[in-house]
Structure formats: structure tokens, C-alpha cells
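The lines below spell out each chain.
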Protein chains: 4
Amino acid sequence: MSGSGFGNIFRITTWGESHGRALGVVIDGCPSGLIMNEEIIQKDLDRRKPGASKFGTKRQEGDKVEILSGVFEGKTTGTPISLAVFNQDQRSRDYSNIMNVYRPGHADFCFDSKYGFRDYRGGGRSSGRETLSRVAAGAVARAALKELGVEIFAFTKSVGSIQGKTVDKDEIFNNPLCMADKEAAVKASELMEEAMSDLDSVGGVVECRISGMPVGIGEPVFDKLDAALSKAVMSIGAVKGVEFGEGFGASLKKGSENNDPFIIKDGKPAKAKNSSGGVLGGMSDGDEIILRAAFKPTPSISQPQMTVNREGKEEEIVIKGRHDPIIVPRAVVVVEAMAAVTVLDLMLVNMASKMENVKKFYTE
Amino acid sequence: MSGSGFGNIFRITTWGESHGRALGVVIDGCPSGLIMNEEIIQKDLDRRKPGASKFGTKRQEGDKVEILSGVFEGKTTGTPISLAVFNQDQRSRDYSNIMNVYRPGHADFCFDSKYGFRDYRGGGRSSGRETLSRVAAGAVARAALKELGVEIFAFTKSVGSIQGKTVDKDEIFNNPLCMADKEAAVKASELMEEAMSDLDSVGGVVECRISGMPVGIGEPVFDKLDAALSKAVMSIGAVKGVEFGEGFGASLKKGSENNDPFIIKDGKPAKAKNSSGGVLGGMSDGDEIILRAAFKPTPSISQPQMTVNREGKEEEIVIKGRHDPIIVPRAVVVVEAMAAVTVLDLMLVNMASKMENVKKFYTE
Amino acid sequence: MSGSGFGNIFRITTWGESHGRALGVVIDGCPSGLIMNEEIIQKDLDRRKPGASKFGTKRQEGDKVEILSGVFEGKTTGTPISLAVFNQDQRSRDYSNIMNVYRPGHADFCFDSKYGFRDYRGGGRSSGRETLSRVAAGAVARAALKELGVEIFAFTKSVGSIQGKTVDKDEIFNNPLCMADKEAAVKASELMEEAMSDLDSVGGVVECRISGMPVGIGEPVFDKLDAALSKAVMSIGAVKGVEFGEGFGASLKKGSENNDPFIIKDGKPAKAKNSSGGVLGGMSDGDEIILRAAFKPTPSISQPQMTVNREGKEEEIVIKGRHDPIIVPRAVVVVEAMAAVTVLDLMLVNMASKMENVKKFYTE
Amino acid sequence: MSGSGFGNIFRITTWGESHGRALGVVIDGCPSGLIMNEEIIQKDLDRRKPGASKFGTKRQEGDKVEILSGVFEGKTTGTPISLAVFNQDQRSRDYSNIMNVYRPGHADFCFDSKYGFRDYRGGGRSSGRETLSRVAAGAVARAALKELGVEIFAFTKSVGSIQGKTVDKDEIFNNPLCMADKEAAVKASELMEEAMSDLDSVGGVVECRISGMPVGIGEPVFDKLDAALSKAVMSIGAVKGVEFGEGFGASLKKGSENNDPFIIKDGKPAKAKNSSGGVLGGMSDGDEIILRAAFKPTPSISQPQMTVNREGKEEEIVIKGRHDPIIVPRAVVVVEAMAAVTVLDLMLVNMASKMENVKKFYTE
């Protein structure tokens, strides 16, 4: 099925395996006339690149995006935009001892059952490298959203038990863990050092904020904004939970606490506070959307683990090679990308919600 | 857009407002030859019915489902199944004072912005009553899944801060809060009584378990099983968070703790424990799927609240009428229904994953 | 699969069998604020009704449409519109002798193979009665298109070998064959009388014209306007061919004849003639869209026919009951309906084609 | 919108402009385990190549396909297959005088209106070169269909008024016009020579036959097999009509002539003749599917033509460069490709039609 397709009007189809020839994405339905070039996309891809961070892997990836179609004279044409990154650093030899085993916490076992075999070269389609395609698509969506006054930023909210409290946007790029709270970033670094020396890994939470949203984006009842964002973000590898506003915390509240009263602000109705996280009744309510995604710790750790091989025998494995001890910092831009793609798509769909607007479009 | 459509092969389209003539759903793509009748569906609808529970509203709904097409001589025909429930208890007068205001925590404001007006009769499409269509569709999906060895059950995991610890399936229907832990149910009742006397409401969490899953269900990378379930469940009104397995708890773990080693069980590979909650790499891994949905407290409370009316003036409102002080017990069967619809759809899609199976289907 | 769903933004899902309880359609994504009521829809349904025409069957159908949701205070709400017609004249007894045979020219055999049985009650889902759902949906689409300046009309272009030459819109409703050419209608009547006395049936062609189209509607390369219309119209039972403009006739022309030169008309570019039939490069070119659908003769004839029964034995059957000796006059409104649904959907999608328009929508 | 996407389970997304960097397609949902390599695909691409035919253009295209993902160790993996052809012969200079005009019979005008500008480099996305992506996808689909016993072949049925009468499969590749009738091919050549010396072009019809179809493929009512094939084929540039079996000819027949009686053949029900063209009630009936597509004459002719430029002034143009005087021979493999993609997709969907098969799949 088109399991690799996402979206209704602005629809992306990703492809590529970590150790195949290339990875990429085709974007269909991007409106024409949007300024677009490789630099715009490369900027977001570089935020994903390992080696930049002290806690990232030292695999040199050198991912350079190429625009193969859909852009002409510096602007999108309205025809499909094909983006590709050709794999440079594909040395398989790091992975040879895991060729025939099912790595714990990885998709190997499921892929083998579903498809009859698996691409043992570093995780194939289930590798974190697949997120490159998402980020490339997200860069295009983000550029369009910027034109519409919508901005997205995300950051690492927590690393293991270390929670960020404050949100300083400038801090996010100052520390290798992409936290928005300077103090917490220091503590988190220490936690990371510990884990690394234990040959272990750590989980965390990414928080993403979307501002400038018009009211009413989302298509009840199944393509509600939070439902669509949920699918988009949960589809990122290693995500185990998604929440909005107070999220699971809302289940602990009383209605009198959790409801956001309406007031008049700048002459228009607005909520007095934002427990809802910017989504009400499944549609944007005008306030900043606040969502969080919980990431499990990186499954590839160098500690010995018990597993089973393809012949059905139990064996102990030690995963060699270079792996991030935490996924979250690299995932920050991926969460932004998926949010961008989802929001832009629903904003395009929303243009057709009122007969009055359709009529205005076609008769004025 | 087809915001009211969900699914690929087994696709449901719901319709209806709480105070319109009827509500219903059209199910397209249900395989033929499944035993089906109104009783099977009514059984699940009745689990949703208020008045049964001490903490449910006393609105008499008497929802009786009718099969209008797609079933012949007691079996599904393969053609679209149209189910409808004609509204009985539609008295609008309870809602008259809220006609022109935006109720806090409700979708009124967003609907008005998106569509240019709103159906003030009790919430219209955003009313909890819309879940009736989901439950009807879920009953059909559940019946098909039963034939395939897949069973689904859900229960109230927590009410406010009261957490259930044990899971006793028989207890679920013994207490009006649908908890699976008898002791917790008692404490939760007390919490509810307090809230009700305060004219307030309470949130909670529903946990849903799916057993008998084959391995490999889910379509990477966007229609992964957890991504699809996430969308399905988040689309239920009042849901603010969805998680799988250890969920947000996984973000606090180390890789060595969170990974589930593989062992041989009954001659086949299986996980030694189930931190993943039955989903690995976005596909079912053979273990019980465990998901949780966090529900915010019911927005409609009888305490006075500040809000804004359609003319742009702030005013205080008191919502009259009969409202549940907690959504969760009624939502238990809704979560099951959405899980059923999602899982069945992806199991049908999965039949085409291997050339070997397609070939077997067509040439043997 | 959602074989009974059609459309992207304005999406219809039809349901119902000829002899089931009811037939209907759910329309998702209809913009809000469109004036709508049962009379508007009934008007088109009545054009489909047999008994009105001398050559139509005398089955009294009395199809009365009911709006079950999606309309409030006389206007569409933006939520799904559910329309239903409850079957009145369901007497099965006319069909008893064909219960176990595969009627030549009918879908019985294919349905049985695909689904494992068939609904012998008058053709079930493959019956012409299924078109009632399409016409109901088409009436809503037509009403929206009218607001946008787009008008659709169709007529019987030919009956057997009798071709209409002129197009007089007022004549269409003056003759029972719905031809737009008075003289041809007379000759065609005679042809029909002959066929009826032979217990035989006749085929024909419907021509449909869509005026007021803006330029550029259609989504290359697969959802081109003609491709989408093609699917929509070919899906009507008994259609064996669809063509645009000169259609199959264009294959006989030279490029110098078939090309439509551009000129300036009313200060804007326009084509000097319309061999393209209003579609160029798969998009509307501003001129009247002209499409034709070829209908095979009604399969149900009273002449004895050789066929096979479900037990695998050859037998001769005589189809009793009341059947139209020609499908075409009843299909005229069905072709209009499918055209309306297709065109409206693509016009809604087209609103998002240029960044400039998206920006104007969201920032002005 | 995803106007460049086609299919449900086996879904293709094409991209690329004639003079952009590359063209390609992403195939999502191809079952795993199918033997696949560049040679298999190249074989079909080469049938499309101009220069091979006396009547084809002498543009050297040298299109070489590359598999960028989705194939491992010689077989499809089940993950998206990305195919690309990098443009070699992109010299723009041939097209400079048409940069600012709307070429008659071309999509320039529509693209400009829809997207706000157009890619003047040789037609961009509306160029015939876009079919390269379709053929590449079709080659993969065809390989899968072969495993299932389904074979597809097409040929030029007519060139202008010259009709082929006999069908000799071996003759198709013997003559540059790809006709299946040797005598007709000779007459057609003469017609072509005439047209070429007149600086004109000629239209024609492609006939496509699909054998080995199981019964019941197609999803009523909108994704009927003929409806889906119709959309697929009509979406090919220059197609103005599509018909099945007797097609428009069926409209001239009587029911007693057009109906195909059922008989027992090889112990199973089968039709005695094939007027239906292999599709009955919108589903395959077991017989060879016969469809025809009418192609208009190539719009790019070297005769002077009147047109309008982007500034709104009428002017005469002479299209220079190398253009095929007939599209049909190159389109033969394109029609096969679209048929393959459509049929395979619907065969995959059909696997889920009966509960009995779903149950067998999951419980045996």
C-alpha cells in the first residue's frame, strides 16, 4: 500500500534505504510560485547531521540534497518536486555480525515476517537515515508555511529524567542536546556521559511549537489536526507517545482547571490560557500548538544482548559500529518537518471549507 | 475533504449530528461472508449508552441500530454496509442559553471560524454522540477480527489520580467506571462523588489491549500500525495523548532496560518481555498491543465559566442540562472500536505484502 | 476497498442495493453555507424516475429523498451530508426464476466469483437503481457549481443508429428519449417501438456539456480533468466508451485540422474552435467541455437466452418482469451527476494550486 | 493534490519534466520477492525510444533507467522502489521561439493559467517524455502480473483512416508503426509519408489486450476495472477517447446481439463470445480484456499556425525542432504500462474481498 505516502493535497512519498544508492522524496501538490532551491533544504538537512554533536555518531554522512524536478527559475512549478540525496558513506562492514540476527528493539524481526527477508545493511528502510527524506520534504513545507505566517520550532524537552523548565529559543542550538534550558542541558550532558561509558543509551522527549496558526485548521472527525499530527509524529522511528497541551497531564485535572475560558483579545475571541495546546475539537484554536513526542532510548547499544537468529537459535550479540546514544537531538528537526508537512496540507484543504470562499475564488 | 473517512481497504465514513435526524456510518470494503446482524452491533452500542452507569447522564438515548444495506441472508455481501441510528431524545431546550456563546473546552469557536456558523444543538458533529457511528463500525470490524483470532478489550486505567494496578477482565463490567481493578474502582467512585458535588468533572486514561496479532501488520513508514492507531484514537473527542507500551515512560529508560530481547517460544522467535507494547518498527511484533489514551475532563460543567459570545462580548455562562462528569467510561468501547477498525484495515492491506502470497492466491 | 468512494475533497460514498431497505450516499467535504433542501435534490431524482417516459418501465418507484445530516437551517454545515431513499416497490417475485442463473450481460457471474454469492434480488448493487445515489450526490454538486457559474446539461445524442444533429436544450424534456433534436427523436421512437415488439433492447450515446469552466481545472498527470471524468462516467453501469471533443473522430484527423488555434476574445486568449472538447493537456481550457458516453443495450430482454446456472448446467432463460428497453434516457441525469461531482471536486482542489492564492487566503 | 499519484495498494507517483534533470517514479506497495533489475525495465523503455522508428524523431534520448531503492539482491524488498532516468539530450535551443506563445493543441495555456507560469523547455511536465515514468512503473507491474499468469500486449489498431483487420502478434514489432496487420501497416506508411511531406501529423488508435485475468477483478462501483483503466489510459497525453469491447459500437447494437450468453467451457461457466471486451458489471469476466484508446494527431506540426502570446497579442508561429508526426507507435508501450499498473493494483485489492480468504490467510 502507499504506506510511504502522506498527505491529501500536499502529499509526500518517501523512498530509500540507509545503505541503498540514495534516499529521497517526491512532493506532489506543492503550490507553484514558492521560492525554492537546494540551500533552503540543505539548511534543515544539516541540522540532522551526525558528527556535529558531541553525542552524535562520527559517521560522516555528507548528505547533499539535489532537486531533480519541480523547480524552475528558482520557484516551484506546481509539478512534483523530486528531491534526492545520494548515499556517500555506505560501508557495510560495520554490520556484518548482525546480518542473521534479530536485533532487540529493531524492526528486523517484523520486516522479515512481513516481507520474507530483510535488508541487513544497517536497518534499511527502518534505519534512522530514512528521516532524511522527511526533513527534506519538511523544509519545503516550512518555506511555504513561512509565507503564511506560520512558524515551527522544536527542542529537546527532556533527556531521561532531566526536564527542561524554561524555553529559550536561542539556547536550542547552543548545546549538543538541543535543549531550550541551559541548566538542564548541562545536567543532561552528564547523564549522557554516564550512559555512554555504560555502553548504554537514553530516551527523551521532543516538544514542538507551532505559532501563527489561523483558527479552524483540521478536518473533523478523522483528519482532525491533532489526529493527523499524531500519525505524522508517531510514524517517526522510536516514538512511543504523542500528546498535546497538557497531554497525559490533562487526565489528572478537573474540568474547571483544564477548560480554557474565552476572552476578547485584540478585538477578537481568544482563549485566556492554553491548556488545550492550541487544538480544540480537533481544530487549531488560534493559540500556539504545543505537542510532545516521547522517544525510546536508541535500541543499538554496545552492551551484549540476548537475541535469536534467522535459523531459530538463541545467541548473544554485541552490536558494533557507530550509533547515537540518544536519538532525540537528531529527531528535533524531524518532528518539525512532520509537523510542517501535516499543517501545510491541512491548511490547503481548509481553503475549500466555506462556499463563500470558493465563490469568491472563482467569481471575483 | 474526506475528513470523515478512515481506512484504506476497510474504509468507514461516519455522518450525523447529535441533534440531527440520525447518525450513522457507511463501511466500504468489508469482506463478504461475515455473519452480521443488528444484535451484534447493538451489543457494543449498548456499552456506550448513558443511564446505565451511576456516573453517566440520565439522558435516555435508546439508540437502536438499523442495517440499511450490505447484509443479505445474515452475511455481509461485500457491498457497502450502511448503518444508521435514528435520534430519539432530541429535545433542544436544554441547550438554549448556550446558542450564541463559545463554550470553553468545546469546538464551537473552531467550527464557527471554519464553517461560518455552528450547530448549537448540543454540539452537533463535535458532540460525544458522534462516537456512536464509530462504535457501530467497530462492532463489524471486531466481528471480522474475531474470525482471525484477534481480540480487543479496553478498560479505564485511571480516573484523575487514581490508577488501576491489576487487570481483571471480569471486573471491567462490574463497576460503573469500567476499571479493571476493583480497589481502584472504589477509590475512583469517591473521587467522582466529590467532583459531582463541586459541579466539576474529571479526566482519565483508557488502556486498550489487542491480542492474537500476527507479526508484521502495519505499513511503513507512514501507515505504521502505531501511527495509524494513534490517528484513530486521537481523533476521538477529548483525547489529548496516545502512547504505546511504556509510552512516555520509555523516555525515562535506558536502552538496556527498554529493549526487549528475543528468545525462542513455542519454536518461534518471540520477545522475552513487552516494553514495546506489541509494536516494533511500526509493525506488530506478535505480542499483545498495549496502548493508552489520555482523556481530558468533560468540558461541560455546571460551574459558572467566563466566555465570549458570537457578538464579541464577554459573558458568564452556566451550562445546564445533563452532562457526564467523566468521559472515560463511555469512551472505553469507542477506543476498542477505533482500534478494531484500524487493525482490520491494515490486516487486509498486509495480505498483498509478499509476491509469494499473491502468487499463491491467484495460481493455486 | 473504498470502491464505493469517489473524490478527493468533495468525496461521495454511495451505498444500497435495489431491493435492500434503502439506498443513499454520504457526501463529505461539501463546503458550508450552500443552500440545500430536499426539493433541490428531488428535482434531479425525478428526472431519473421510470414511468414518466413512454419507454420507461412501469415500476412505480416513488423515490423520495431524505436529508439525514449535514444541513441546518437550510444550509450545508460543512459536516457530512447523508442522503437516503427508502425503497418502496421491492416486490421480489418478479425475479424468482433468475435466482440461480447468471444473466447474460449482467454482473451476476462476476459478483458471485468475487464475493462468493450474489444478491439475486434484482441485481442488488449492480442494478441501475444504484444510480439513484449518484444523482442525489450530483444534485448537491450541481447546486454548488451553479454558484460558481458552471452549468451542466446532457441529452441523448443517439439511439441505435439514429443520430441527433442539432442541439436544442428545450427539446430535451419534450420527448421521452431525451434527445435534443426533435426530428431525430421521432425516428428514434419508431426504432424503439420495433425493438420492443421484438422483445429486444437498444443502445445509445449520451452527450454532456459543461459550460462556464474556469481555465486550468484538473490535476496532471493522473487526475487530469478528462481522466477523472472518464472514470466517473465509465463507472456508470452499461457504459462501454467515453470520449471528449472529437473523441475517436480525432484519430482520423490531421494535426492541422484538429489543433484549435488561439485568438484573443474579450481581451483574453481563447481557442478559435473547440475540437478539444474543452480539455487540453488534461485541464479545462475555458471552452465548453463536451463528452460522450456510449451505452450498451439493456441486458435484460425478454427474448429467450442461453445461459448457465450456479450448479454449472446450461439452461435457457426468459427474463420476466419490467425492464427498460433502453438505458440511455434514464442515464442522462446520471451522466450530469457524475460530471458535477467530478468537476466540483477538482475545482476545490485547484484552489491550492498557486502560492499567491494560498497566501492571499491566509494573510489578507 | 496528489495528481501525480495513481493506485491504492500498488501506488505509483511520477515526477520529472522533459528538460529537467531527470524523470522518474516511486512505486509504493510492490509486493516483496519479485525478481527485479534494470534490464527488465530498460526493455520496455527501449520500446518507447524515438529514433528506432522511421517515423519517430531523431532526437537521441539514450534513456537509461537506474534503480535507486527498493531492490536488494535482485528482488523487490517491499519498500518503495525509486526509478530514475537522467536526461541526456536536453538542448533547449530548439524551443526558443515558442517560449512566450501558447502552442495550439498543447497544455501551455492551461498550465500558465493554473500555475502562473509555464516551463517553456519543450513542454515540461506535459511533454510526451513524461510517459517514460509510466513505462518504467509499468515494467515492474508487468513482471508481477506475469507471475500471476496475466499478460498484456497492445498494438496500433489504426493510423488515420487505415484500420488493421487481423491481429498477428509477431507483426507488431516488424513495422515501425507497430500495427498487427502487415497489409494495413504498408498502407499506413504511405499515409504517413504524405502527412510528413505536408508538414502535418496523423492520429490513430491503440488497442490493448489483457489475457489470463481471473474473474471478479475491479471494485464496484467507482473503482470498477473499466473505470480505473479508463482513467489510467485517458491520463496519457493526447488520448481523446477510451472504449471496451464493442465500445461505441455497442451503442448501435441490439441487446440480443450484444449480450454474451454463458456456456460451460472446461467445466466452468464462461461467455460464448466477447462483445463485453472482458469486463462485465465493471469486473473482469474471465475473457480477454480488449480496450482501445483514441489518440489525436501530434499537436506540434511545422505548418504555420495562428496563436496568441503571453502578452495577449496574436501571432503566427512555426514550431521548429524534431517532432513525431504520429504519437501512436510510441504510445503502444505506454498504454500497456498503464493497463499493467491498474490491473495489478486491483488484483492486490481483490485479495481481501472474501472473509473466507482472509481467514485462510491468517489462520492456516
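Residues numbered from 1 in each chain as written. Chains lettered and ligands numbered in written order. Predicted model: local features only at pLDDT ≥ 70, side-chain atom pairs only at ≥ 80, totals over all residues. Heavy atoms only, no water.

Participant: In this structure, what is going on with the sheet that holds strand 12 (residues 239-244) of chain A? I would like to understand it.
Facilitator: Across a sheet, strands are paired by hydrogen bonds formed along the backbone, either parallel or antiparallel in direction. Ordered in space as 10(A)-9(A)-11(A)-17(A)-12(A)-12(B)-17(B)-11(B)-9(B)-10(B), the 10 strands form an open sheet in which the pairing is antiparallel. This sheet does not close on itself; its edge strands, each paired only once, are strand 10 (162-163) of chain A together with strand 10 (162-163) of chain B. In the packing of helix 5 (residues 225-234) of chain A onto the sheet, the strands contacted are strand 11 (204-211), strand 12 and strand 17 (289-295) of chain A together with strand 12 (239-244) of chain B, and the crossing angle to strand 12 of chain A comes to about 155 degrees. (Pairing = 2+ DSSP bridges. Helix = DSSP H or I, 4+ residues; strand = E, 2+ residues; numbered from the N terminus. Contact = heavy atoms within 4.5 Å. Axes fitted to C-alpha atoms, helices over the stretch in contact; angles between N-to-C directions.)

Participant: It is not clear to me how the relation of the copies chain B and chain A should be interpreted in this structure. Could you clarify?
Facilitator: One copy of the chain maps onto the other through a rotation about an axis followed by a shift along the same axis. Overlaying chain B with chain A gives an RMSD of 0.0 Å, the required rotation being 180 degrees about an axis along which the chain moves by 0.0 Å. On this basis, the relationship between the two copies can be described by a two-fold rotation axis. Both copies present the same face, since 100% of the interface residues in chain B are matched by interface residues at the equivalent positions in chain A. (Least-squares fit on C-alpha atoms with pLDDT ≥ 70 in both.)

Participant: How should I be thinking about the state of the cysteines in this particular structure?
Facilitator: Simply put, the disulfide is a covalent bond whose two ends are the sulfur atoms of two cysteines. Counted according to the given criterion, the structure contains zero disulfides over all chains. Here Cys110(A) is not disulfide-linked; the sulfur of Cys208(B) is the nearest cysteine sulfur, at 19 Å. (Disulfide = S-S within 2.5 Å.)

Participant: Help me out: how do you make sense of the relation of the copies chain D and chain B in this one?
Facilitator: Between the two copies, chain D and chain B, the superposition gives an RMSD of 0.0 Å; the rotation angle is 180 degrees and the shift along the axis is 0.0 Å. Comparing interface residues between copies, 100% of those in chain D also sit at the interface in chain B, which points to an isologous, same-surface contact.

Participant: Help me understand the environment of Asp345(A), please; the structure alone is not making it clear to me.
Facilitator: All names here are of chain A. By secondary structure assignment, the location of Asp 345 is in helix 7 (residues 328-350). In the structure, Asp 345 is positioned 337 residues away from Asn 8 in sequence and 6.5 Å away in space, judged by C-alpha atoms. Non-local contacts of Asp 345, meaning those with residues more than four positions away in its chain, are made with Gly 7, Asn 8, Ile 9 and Phe 10. Side-chain polar atoms of Asp 345 contact the backbone nitrogen of Asn 8, separated by 2.9 Å. Within the structure, Asp 345 has its side chain in polar contact with the backbone nitrogen of Phe 10 (distance 3.0 Å). (Polar contact = N/O pair within 3.5 Å; in protein donor to acceptor, adjacent residues only side chain to side chain.)

Participant: It is not clear to me how helix 5 of chain A should be interpreted in this structure. Could you clarify?
Facilitator: Every α-helix winds through 3.6 residues per turn, so residues three or four apart in the chain are directed the same way. In terms of residue burial, helix 5 of chain A counts as a mostly covered element, since 10 of its 10 residues are buried. Considered for burial, the residues of helix 5 of chain A that qualify are Leu225(A), Asp226(A), Ala227(A), Ala228(A), Leu229(A), Ser230(A), Lys231(A), Ala232(A), Val233(A) and Met234(A). (Buried < 20%, exposed > 50% of the residue type's maximum accessible area, 1.4 Å probe, protein only.)

Participant: Explain the interface of chain B and chain A to me, please; I cannot follow it from the model alone.
Facilitator: How big an interface is tends to be stated in terms of accessible area lost as the parts join. Contacts between chain B and chain A engage 102 residues on the former and 102 residues on the latter. Of the roughly 8,200 Å² buried between chain B and chain A on both sides combined, carbon and sulfur atoms contribute 64%. The interface formed by chain B and chain A contains four salt bridges. A salt bridge links Asp223(A) to Lys231(B), with the nearest nitrogen and oxygen atoms 3.4 Å apart. On inspection of chain B and its partner chain A, the count reaches 48 residue pairs in polar contact (both at pLDDT 80 or more). Residues that form the side of chain B that touches chain A fall into these classes: 43 nonpolar, 37 polar and 22 charged. (Buried area = accessible area lost by both parts, 1.4 Å probe. Salt bridge = Lys/Arg side-chain N within 4 Å of Asp/Glu carboxyl O. Nonpolar A, V, L, I, M, F, W, Y, C, P; charged D, E, K, R; others polar.)

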